[in-house]
Amino acid sequence: MHKFTNTLTPAQVYRYAVECCQPHLKLRDAKRVTARMLLTILFAAAARISSLSDTCKRLRGVPDEEVVAAALYETLPDYNLLKRQVNAALAGHLPKPLRKQAQIVALDLTLLPFYGADAKENDQIYRSQAKRGTCSFYAYASAYIVHKGQRYTVALMAVTRKPTMEDVTKELLRQVRKAGIHVRFLVLDRGFYSVAVIRYLQAARMPFLGTGGARDGAVLEVTLPSGPVTAGHKVRVSATASR
C-alpha cells in the first residue's frame, strides 16, 4: 500500500498564513498595498529573517520599501492590541485534541542579533550573554506544543529590556490558559532557566523541566509515562532542528 504525500508550495504556505491571520488582525488596504500583500511581505521577511527593504527588492510586483513601510505604520494597532490579535489567530487554528487533555508545553526564547549604535539606549532591545559578536538582540518568547510530530505555537510575545523572565513566563502561561490549553508539564529552554522563574513555578506547583543543553532552534519532544507526573518519573527529551 502506497503512502500518500502532499507537498506544500511556498505560495500555499503564505496563502494559508494570511487566511489564518487576517480575520484577527484586520489590517486595512492602503493606496498601493492591499492587506493581503502587506502580510505576505511580512511573512516573507520573517521566513528569511530579513529586512523589509531586502524583502521588497526580492519580491516581484510589490512597491518599494517606503510605500510598504508607510502602509504598515498606517494600519498597525498599538502593541497590546496587536499581541492579543496575534495570539487569537494562533489559538483559532489549534487542533481540537490539544484542548481535550493536559499538554506538555515548551517555553522558548529566541534571540536575533542587533548591531545598531543605539543598542544600550533602545529599550526595545534585549540584553543577554554575548552571541554572534553582540550582547544586544531583538527577542521574542513563545509557548508551543509538539503533537504527533507537528509544532503548534500557542502563545507569542515580544521580550524587551523592561520585563523580567518571570514576568514573561507568567504572561505566556496566561495566554496558554486563555487558548484553552491545560498544562501538564513545562519544558524550559536556557533563557527561562533562572532562579526567579524556578521559584515562581515551584510556588505555583507547576511541574517543569530545564533543558539548558538544548541547541538553539531545536524543537523539543518530551516523552512521559502515562498518568500524573511525579518526581520519581523518568523523562526522555529529544531535540530536532525546527528550521
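1. Things to note about the packing of helix α6 (residues 165–178) against helix α7 (residues 195–203)
Helix-helix packing is described using two parameters, namely the angle between the two axes and the distance between the axes.
Logical step 1: Running from N to C, α6 and α7 cross one another at 40°; their axes reach a closest spacing of 8 Å. By the criterion of interaxial angle, the relationship of α6 to α7 is oblique. When α6 is examined against α7, the residues Met 165, Glu 166, Thr 169, Lys 170 and Leu 173 are found in contact with a partner set consisting of Ala 196, Val 197, Tyr 200 and Leu 201.
Logical step 2: Looking at the contact of α6 with α7, its residues break down into six nonpolar, one polar and two charged.

2. Overview of the packing of aromatic side chains
Logical step 1: Here the structure, examined in full by the defined rule, presents one aromatic pair.
Logical step 2: Residues Phe 114 and Tyr 138 carry aromatic rings whose centres are separated by 5.2 Å and whose planes lie at 75° to one another, so their mutual orientation is edge-to-face. Here Phe 114 is found in the loop between β1 (103–113) and β2 (126–131), whereas its partner Tyr 138 is found in strand β3 (residues 134–147), with 24 residues between them in sequence.
Logical step 3: The class of Tyr 138 is partly exposed, set by a relative accessible area of 42%.
Logical step 4: Here Arg 151 stacks its cationic end above the ring of Tyr 144, 3.7 Å away from the centre of that ring.

3. Considerations on unusual backbone geometry
Logical step 1: At Ile 49, a position not held by glycine, the phi torsion is positive, near 50°.
Logical step 2: Its place among the elements puts Ile 49 in the loop between α2 (35–48) and α3 (52–58).
Logical step 3: Notably, Lys 148 is not glycine yet its phi reads approximately 55°, a positive angle.
Logical step 4: Within the secondary structure, Lys 148 sits in the loop between β3 and β4 (150–159).

4. Observations regarding the nonpolar core
Logical step 1: One finds Val 105, Leu 109, Ile 181, Leu 186 and Phe 192 to be the most contacted residues of the largest nonpolar core, which totals 32 residues.
Logical step 2: Elements that contribute at least two residues to this core include exactly β1, β3, β4, α6, β5 (183–188) and α7.
Logical step 3: Apart from residues lying up to four places away in sequence, Val 105 is in contact with Ala 143, Tyr 144, Ile 145, Val 176, Ile 181, Val 183, Phe 185, Leu 186 and Val 187.
Logical step 4: Cys 21, Val 33, Ala 69 and Leu 72 belong to the second-largest nonpolar core, a separate cluster that totals 16 residues.

5. Topic: the environment of Leu 172
Logical step 1: Among the structural elements, Leu 172 can be located in helix α6.
Logical step 2: Assessed through its relative accessible area of 0%, Leu 172 is described here as buried.
Logical step 3: Residues Leu 172 and Ser 142 lie 30 residues apart in sequence; the distance between their C-alpha atoms is 7.1 Å.
Logical step 4: Beyond its immediate sequence surroundings of up to four residues, Leu 172 is in contact with Leu 107, Ala 141, Ser 142, Ala 143, Ala 155, Leu 156, Met 157 and Phe 192.

6. Focus: the packing of helix α1 (residues 10–25) against α2
Logical step 1: Between α1 and α2, whose axes approach to 10 Å, the crossing angle comes to 120°. Taken together, the axis directions place α1 and α2 in an arrangement best described as oblique. Along this stretch, α1 crosses α2, giving a crossing that reads as right-handed. Of the residues in α2, those in contact with Tyr 14, Arg 15, Ala 17, Val 18, Glu 19, Cys 21, Gln 22 and Leu 25 of α1 are Ala 35, Arg 36, Leu 39, Thr 40, Phe 43, Ala 44 and Ala 47.
Logical step 2: Class assignment of the residues belonging to the contact of α1 with α2 gives a composition of ten nonpolar, two polar and three charged.

7. Quick look at the pairing of β4
Logical step 1: Of the pairings in the sheet, the one linking β3 to β4 comprises nine bridges and is antiparallel in character. Bridge pairing in β4 places Ala 139 opposite Val 159.

Scoring rules and cut-offs
Residues numbered from 1 in each chain as written. Predicted model: local features only at pLDDT ≥ 70, side-chain atom pairs only at ≥ 80, totals over all residues. Heavy atoms only, no water. Axes fitted to C-alpha atoms, helices over the stretch in contact; angles between N-to-C directions. Helix = DSSP H or I, 4+ residues; strand = E, 2+ residues; numbered from the N terminus. Parallel < 35°, antiparallel > 145°, perpendicular 65-115°, else oblique. Contact = heavy atoms within 4.5 Å. Nonpolar A, V, L, I, M, F, W, Y, C, P; charged D, E, K, R; others polar. Phe/Tyr/Trp six-rings, centres within 6.5 Å; stacked < 30°, edge-to-face > 60°. Buried < 20%, exposed > 50% of the residue type's maximum accessible area, 1.4 Å probe, protein only. Lys NZ or Arg CZ within 6 Å of the ring centre and 35° of its normal. Core = buried A, V, L, I, M, F, W, Y, C linked by side-chain atoms within 4.5 Å. Left-handed = near helix turned anticlockwise from the far one by under 90°. Pairing = 2+ DSSP bridges.

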